Amino acid sequence: MKIDEENVIQQLKARNEQALRFIIKQYGGLITSIMQRHLYNGQQDKEECMDDVLLAVWNNVDDYDSTKSSFKNWIAAITKYKAINYQRKHIKQLEKQVLLEPNTLETEQLVLEHDIESLLMQLNKEDRILFTRYYLEDQDMKSLEEDLNIPKSQIYNRLSRGRKKLRTLKDKFSEI
């Protein structure tokens, strides 16, 4: 039997595993984007979270009420709460690690500072100064405009181009 939007819920209730494949194909992108919004940690957590979402849909399909929300929104809500739970779990693990290793927090801060510094080194000197003052020192636009003698529109353009360049570099490094 071909599974589609019309019969996916009935097929889930009938425990047809093809319905899960349909959900992955149809809603996998949605699930992944919601998880990425909430989970910053490793790929393993994201995979486990995806498995938990699919298991929750499988086990709780009888609780779905089409009068309250669409199936897509129901899956999105499950994903959001599962991702938040994984985020909490990760935070608790970090807290335990900090209690066991007091210098861990300082080490993570140094690694983060080094990563930021390495990224900023990819920008030209003027953009590096602009990024540092705007993002790290939290300097407002008006004072940047006055101090650097650059129009606000040019500052926004340079920040935008810099973010785009850093995003491209980040994507290249994540492929490695």
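Parameters and conventions
- Residues numbered from 1 in each chain as written.
- Predicted model: local features only at pLDDT ≥ 70, side-chain atom pairs only at ≥ 80, totals over all residues.
- Heavy atoms only, no water.
- Axes fitted to C-alpha atoms, helices over the stretch in contact; angles between N-to-C directions.
- Helix = DSSP H or I, 4+ residues; strand = E, 2+ residues; numbered from the N terminus.
- Parallel < 35°, antiparallel > 145°, perpendicular 65-115°, else oblique.
- Left-handed = near helix turned anticlockwise from the far one by under 90°.
- Contact = heavy atoms within 4.5 Å.
- Buried < 20%, exposed > 50% of the residue type's maximum accessible area, 1.4 Å probe, protein only.
- Polar contact = N/O pair within 3.5 Å; in protein donor to acceptor, adjacent residues only side chain to side chain.
- Salt bridge = Lys/Arg side-chain N within 4 Å of Asp/Glu carboxyl O.
- Core = buried A, V, L, I, M, F, W, Y, C linked by side-chain atoms within 4.5 Å.
- Phe/Tyr/Trp six-rings, centres within 6.5 Å; stacked < 30°, edge-to-face > 60°.

1. Considering the packing of helix α6 (residues 125-136) against helix α7 (residues 141-148)
One can describe the packing of α6 onto α7 by two numbers: an axis separation of 10 Å at closest approach and a directional angle of 150 degrees. Considering their axes alone, α6 and α7 lie roughly antiparallel with respect to each other. Considering the relative orientation of α6 and α7, their crossing is right-handed. Contact residues: Leu130, Arg133 and Tyr134 in α6; Met141, Leu144, Asp147 and Leu148 in α7.

2. Considerations on the side chain of Arg158
Considering the arrangement of structural elements, one finds Arg158 in helix α8 (residues 152-175). By relative accessible area, which is 11% here, Arg158 ends up buried. A polar contact is formed between the side chain of Arg158 and the backbone oxygen of Glu126, at a distance of 3.4 Å. When sequence neighbours within four positions are dropped, the list of residues in contact with Arg158 reads Glu126, Asp127, Leu130, Phe131 and Ile150.

3. Thoughts on the pattern of salt bridges
One pass over the structure, following the stated rule, counts 3 salt bridges. As a salt-bridge pair, Arg158 and Asp127 come within 2.8 Å of each other at their nearest N and O atoms. Linking Arg158 in helix α8 with Asp127 in helix α6, this pair joins segments that are 31 residues apart in sequence. Arg133 is the salt-bridge partner of Asp147, the closest N and O atoms lying 2.7 Å from each other. Of this pair, Asp147 sits in helix α7 while Arg133 sits in helix α6, placing them 14 residues apart in sequence. The exposure class assigned to Arg133 is buried, which follows from its relative accessible area of 17%.

4. Notes on the nonpolar core
Val8, Leu12, Ile23, Val57, Phe71 and Ile75 are the most contacted members of the largest nonpolar core, which has 27 residues in total. Among the secondary structure elements, those contributing two or more residues to this core are α1 (8-13), α2 (17-38), α3 (43-60) and α4 (71-100). With residues near it in sequence (within four places) discarded, Val57 still touches Leu12, Ile23, Phe71, Trp74, Ile75 and Ile78. Leu123, Leu144, Leu159 and Leu169 belong to the second-largest nonpolar core, a separate cluster that totals 11 residues.

5. A short note on the packing of aromatic side chains
Counted under the stated rule, the structure contains 6 aromatic pairs. Ring geometry for Phe71 and Trp74: centres 5.7 Å apart, planes at 25 degrees, overall stacked. Taken together, the residues Phe71 and Trp74, both in helix α4 and 3 residues apart, mark about one turn of the helix. The buried category is assigned to Phe71, whose relative accessible area is 6%. Ring geometry for Tyr134 against Tyr135: centres 4.9 Å apart, planes inclined by 85 degrees, an arrangement best described as edge-to-face. Here the aromatic residues Tyr27, Tyr64, Phe71 and Trp74 are joined through ring pairs into a cluster of three or more.

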